[in-house]
Amino acid sequence: MLPAGIDGIPLHPLVVHLVVVLVPAAAFTVLVSVIWPAARERLGWITPGLASSAAISVPIAESSGESLIEEVQVSAQTATHAELAEGLLPWVAGLALWSVAVHVWGLRVRGGTGIAGMPRRLVAVVLITGAIVFSAGSTVQVVRIGESGARSVWTDAAAVRFAGNEVVR
């Protein structure tokens, strides 16, 4: 498990921003790669690499969040945030695996070979559909988690409220 903070600064808010940036970026590149062959060729392994990095960042963010929960008072909103966060990894792992499938398919199409005798158009439709599902699911889940985390921080009774220049607890 990661430490709750470094030099008194909570680690979780810093780490989650990796997820907030990497997941939508990966989702976008997967969609672009599956729809636009020229982009797929140019992006190459960047798309699966970005999606894999996003998948790796999720458990790191979860671990830092679990460490932080041990240090703060857990409210209903914090519990909701943690529960939503647990549902992200399957979406992002699916996105990462799908990005590899899209990349490999692009290599095979460029090389002139199909996939197990399946019609090329059918494979394209399946890959596009999956890319849309995993990209949308991952991105929506990140937004839901982020919104619940912001609510947890800024509206909980334990949150620090600013009144003018004074910090009021």
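Since the structure is predicted, the reported quantities are computational estimates derived from the model, not experimental observations.

Details of the overall build of the protein chain
In step 1: The number of helices and strands found in the protein chain is 6 helices and 4 strands.
In step 2: Secondary structure elements of the protein chain occur, N-terminal to C-terminal, as β-β-α-α-α-α-α-α-β-β.
In step 3: The buried share of the protein chain, reckoned over its 169 residues, is 36%.
In step 4: Taking contacts inside the protein chain between residues at least 6 apart in sequence as the whole, the part at least 24 apart equals 79%.
In step 5: Looking at the protein chain as shown, the accessible area adds up to about 10,000 Å², and 67% of this sits on carbon and sulfur atoms.

Quick look at the packing of aromatic side chains
In step 1: Counted according to the given criterion, the structure contains 2 aromatic pairs.
In step 2: With 6.3 Å between their ring centres and 75° between their planes, tryptophan 91 and phenylalanine 134 make a pair best called edge-to-face. Note that tryptophan 91 is positioned in helix 5 (residues 88–111) and phenylalanine 134 in helix 6 (residues 120–155), a separation of 43 residues in sequence.
In step 3: Accessibility expressed as a relative area gives 31% for tryptophan 91, which makes it partly exposed.
In step 4: On the basis of relative accessible area, phenylalanine 134 is assigned to the partly exposed category, the value being 21%.
In step 5: With centroids separated by 5.6 Å and ring planes inclined at 45°, the aromatic side chains of tryptophan 98 and phenylalanine 134 adopt a geometry described as tilted.

Looking at the confidence of the model for the protein chain
In step 1: Looking at the protein chain, pLDDT values average 85 and 84% of them are 70 or higher.
In step 2: When mean pLDDT is taken per element in the protein chain, helix 1 (residues 12–35) scores highest with 95 and strand 3 (residues 161–163) scores lowest with 43.
In step 3: Long-range and interchain partners of residues 157–169, a stretch whose pLDDT sits below 50, account for 12 contacts in this model, where long-range means more than four residues apart.

Some points on the side chain of serine 148
In step 1: Looking at the element boundaries, serine 148 is found in helix 6.
In step 2: Reaching out from serine 148, the side chain makes a polar contact with the backbone oxygen of isoleucine 145 at a distance of 2.9 Å.
In step 3: Ignoring any residue separated from it by four or fewer positions in sequence, one finds serine 148 in contact with Gln77, His81 and Leu84.

The rules behind these values
Residues numbered from 1 in each chain as written. Predicted model: local features only at pLDDT ≥ 70, side-chain atom pairs only at ≥ 80, totals over all residues. Heavy atoms only, no water. Helix = DSSP H or I, 4+ residues; strand = E, 2+ residues; numbered from the N terminus. Buried < 20%, exposed > 50% of the residue type's maximum accessible area, 1.4 Å probe, protein only. Contact = heavy atoms within 4.5 Å. Areas by Shrake-Rupley, 256 points an atom, 1.4 Å probe, with all protein chains shown as cover. Phe/Tyr/Trp six-rings, centres within 6.5 Å; stacked < 30°, edge-to-face > 60°. pLDDT = per-residue confidence, 0-100. Polar contact = N/O pair within 3.5 Å; in protein donor to acceptor, adjacent residues only side chain to side chain.

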